[in-house]
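Coordinate inspection notes
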Amino acid sequence: MILRLSLLCLALAPLAARAGLTYEEGIARDPETRAELYREQHWVRSEGERRLERLVLYRCPDGTAFGRKFVDYRVSPVAPAFRFDDQRSGYREGLRQGATPTVFVRRPGQTTERSADLSSRQLVADAGFDEFVRRHWTPLVAGETVSLDFAVPSRLESIGFSVRRVGQTRIAGEAAWTFRLRLGGVLGWLVPHVDVSYGQTSRRLLRFEGLSNLRDDAGDDPLSARIDFLLPPRSAEEAQWRAGLTAPLSACRTGH
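Residues numbered from 1 in each chain as written. Predicted model: local features only at pLDDT ≥ 70, side-chain atom pairs only at ≥ 80, totals over all residues. Heavy atoms only, no water.

Enumeration according to the criterion identifies 23 salt bridges in this entry. Here Asp 85 makes a salt bridge to Arg 92, at a shortest N to O gap of 2.7 Å. The pair Asp 85 / Arg 92 is uniform in exposure class, with both members buried. For the salt bridge of Asp 130 with Arg 134, the shortest nitrogen-to-oxygen distance reads 2.7 Å. Note that Asp 130 and Arg 134 are positioned in helix 3 (residues 128-135) at a spacing of four residues, about one turn of the helix. Judged by its relative accessible area of 25%, Arg 134 falls in the partly exposed class. Residues joined in a network through salt bridges with shared partners are Arg 45, Glu 53, Asp 72, Arg 74 and Glu 238. (Salt bridge = Lys/Arg side-chain N within 4 Å of Asp/Glu carboxyl O. Buried < 20%, exposed > 50% of the residue type's maximum accessible area, 1.4 Å probe, protein only. Helix = DSSP H or I, 4+ residues; strand = E, 2+ residues; numbered from the N terminus.)

This is the structure we're talking about:
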């Protein structure tokens, strides 16, 4: 996989010359104790306002890199192809874009993947939710409820959710709108929701609160976290992207 991605980077070298590369970091903390759980290092390649790809490296509090995710927005900005690998447990999940979007998962202790095709016309996947929020910014800020089908590779299906504005706050000195993602229908009031806060002016994700895309160290249950992106993205060098792409992954313990 790393070899294929490295070849992809070489093939896109001319594109990189005119595309922008940025870096930002998110710190995930326990919602109750505020102890650091892990860190997310994000590199995003864009062409103007259009995102092309994202690379995320996950690190334990001691700095050990244990997970990596590669996101390709080219086919669909809101349902991008992606693959996430977690060295702690061997867990893997993602979405492939082709004639039909296909989600896949490999659980801890297994050697083969399971997969399923998805048919939703309003499919949103992984980091594509960020683009979904921006595309529906005006109705969301106005208080409207917007529906979507979110791809859940671990369940090999997409699930209906709704998003609406639930308040506003200030994060790192910036006024922010808070939007709530919850399951549609009655179940939405019975299961945990996810809150995301975006800068009212920057429209940048500042905080995520709820069940994250990471599982515990054994690969069983999703981790609940508050993830803060307090510093705005800054320019990054191509060497940083390559380092993140090839950094060795090792098992480690997230904070609790």
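Considering all chains together, one arrives at 11 aromatic pairs under this definition. Judged by centre distance (5.7 Å) and plane angle (75 degrees), the ring pair of Trp 137 and Phe 179 falls under edge-to-face. With a gap of 42 residues between them, Trp 137 in helix 4 (residues 137-141) and Phe 179 in strand 12 (residues 174-183) connect regions that are remote in the sequence. With respect to class, Trp 137 is no different from Phe 179; both count as buried. Aromatic ring contacts, followed pair by pair, group Tyr 38, Tyr 58, Phe 66 and Phe 84 into a single cluster. Seen from the ring of Trp 241, Arg 45 lies directly overhead, with NZ or CZ sitting 4.5 Å from the centre. Above the face of the Phe 104 ring, Arg 96 is positioned so that its terminal group lies 3.9 Å from the ring centre. (Phe/Tyr/Trp six-rings, centres within 6.5 Å; stacked < 30°, edge-to-face > 60°. Lys NZ or Arg CZ within 6 Å of the ring centre and 35° of its normal.)

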